Amino acid sequence: VALAERSGTWPAAVALSPDRRTIATANDANATVTIAGVSAPANARTASVGAHPSDLLFSKDGRTLYVASRGASKIYAIDVARAKVIGEIAVGAQPRELALSADGGSLYVAESDDDGVGTVNLREAKRVADVNVGLHAGRARGYGASPNALLVRHDVIFVSLGAENAIAVVRGGKVIERIPTGWYPTGVDVGPENALFVSDGKGEGSFPDPQYSPLSM
């Protein structure tokens, strides 16, 4: 399915509906979302959202598409049938990735510049909780966790912390464990026998600069 050939869109994320009949892309360059049927991509429709959309996913019933906008620090709800924005939800700074709860009633948001994971109640269409996943006490000191990817398994949320080289394990509204990773994790998934797989954005053979100080910039 070719939705990314139009110039100037810079697709940043793609999502497939639960019934696998509809596909959508988040277009970073022009702050839009493209929605099309898998069997009829030429009939694609476009909706405008906030600046720099970074991730998107369909609701459990496939009728609504949720889009994270890094520039606006909002989640946009789009009616899939009409390709029309029907709601906006304010969240923490720089929402990077989205994940649904197991029952489909809550939306989890990786808030990269707030070092948090927000919880959005989809029935109420508002953020109802936040979990601080940062290891350091204060961002004012120049440190940050940069949560950038999420994985939901039952009642547990695994959170990739790019700037802390770790996966945070969240349960019951708090971090219960941190799992060390390679340099700058960017993705997390689970495989056979519940093995956790992590993509390290900056690799295993290179190492951070021990002389780097975030306060010197």
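Residues numbered from 1 in each chain as written. Predicted model: local features only at pLDDT ≥ 70, side-chain atom pairs only at ≥ 80, totals over all residues. Heavy atoms only, no water.

**A word on the overall build of the protein chain**
Counting its regular elements, the protein chain contains zero helices and 18 strands. Taken over 217 residues, the protein chain has a buried fraction of 44%. Within the protein chain, counting contacts between residues at least 6 apart in sequence, those at least 24 apart form 34% of the total. For the protein chain, the accessible surface area stands at approximately 11,400 Å², while carbon and sulfur atoms represent 48% of it. (Helix = DSSP H or I, 4+ residues; strand = E, 2+ residues; numbered from the N terminus. Buried < 20%, exposed > 50% of the residue type's maximum accessible area, 1.4 Å probe, protein only. Contact = heavy atoms within 4.5 Å. Areas by Shrake-Rupley, 256 points an atom, 1.4 Å probe, with all protein chains shown as cover.)

**Remarks on the sheet that holds strand 7 (residues 74-79)**
Strand order in the open sheet formed by four strands is 5-6-7-8, and the pairing between neighbours is antiparallel. With partners counted over all chains shown, the strands left at the sheet margins are strand 5 (53-58) and strand 8 (84-90), one partner each. Put simply, the sheet's adjacent strands are angled 25° from each other on average, direction ignored. With five bridges connecting them, strand 5 and strand 6 (residues 64-69) associate as antiparallel partners. When the sheet's bridge partners are listed, Phe-58 is paired in strand 6 with Leu-65. (Pairing = 2+ DSSP bridges. Axes fitted to C-alpha atoms, helices over the stretch in contact; angles between N-to-C directions.)

**Examining the pairing of strand 7**
By the criterion of burial, strand 7 is predominantly enclosed, with five of the six residues buried. Here strand 6 runs beside strand 7; their pairing, made up of six bridges, is antiparallel. Each residue of the ladder has a partner; that of Leu-65, found in strand 7, is Ile-78. As consecutive antiparallel partners, strand 6 and strand 7 are separated by four residues, and within that stretch Ser-73 has a phi angle of approximately 55°, a positive value. Bridge analysis of strand 7 against strand 8 gives six bridges, and the strand direction is antiparallel. Pairing of Ile-75 across the sheet is with Ile-89, part of strand 8.

**Quick word on unusual backbone geometry**
A positive phi angle is found at Ala-31, which is not glycine, with a value near 55°. As for its position among the elements, Ala-31 is in the loop between strand 2 (22-27) and strand 3 (32-37). Backbone geometry places Asn-194, a non-glycine residue, at a positive phi of 60°. By secondary structure assignment, the location of Asn-194 is in the loop between strand 17 (185-190) and strand 18 (196-200). Here Asn-194 falls in the exposed class, since its relative accessible area comes to 61%.

**Brief notes about the pattern of salt bridges**
One pass over the full model with this rule turns up eight salt bridges. Between Glu-88 and Lys-74 there is a salt bridge; the shortest N-O distance is 2.9 Å. Of this pair, Glu-88 sits in strand 8 while Lys-74 sits in strand 7, and the two are 14 residues apart along the sequence. Glu-88 gets classed as partly exposed once you look at its relative accessible area, which sits at 46%. (Salt bridge = Lys/Arg side-chain N within 4 Å of Asp/Glu carboxyl O.)

**A word on the side chain of Thr-22**
For Thr-22, the position within the fold is in strand 2. With a relative accessible area of 17%, Thr-22 lands in the buried category. With residues up to four places along the chain from it excluded, the contact list for Thr-22 reads Ala-15, Leu-16, Ser-17, Ile-35, Ala-36, Gly-37, Val-38, Phe-58 and Val-80.

**Regarding the packing of aromatic side chains**
Scanning all chains against the criterion turns up zero aromatic pairs. A cation over a ring is seen here: Lys-202 above Tyr-184, with NZ or CZ 5.4 Å from the ring centre. (Phe/Tyr/Trp six-rings, centres within 6.5 Å; stacked < 30°, edge-to-face > 60°. Lys NZ or Arg CZ within 6 Å of the ring centre and 35° of its normal.)

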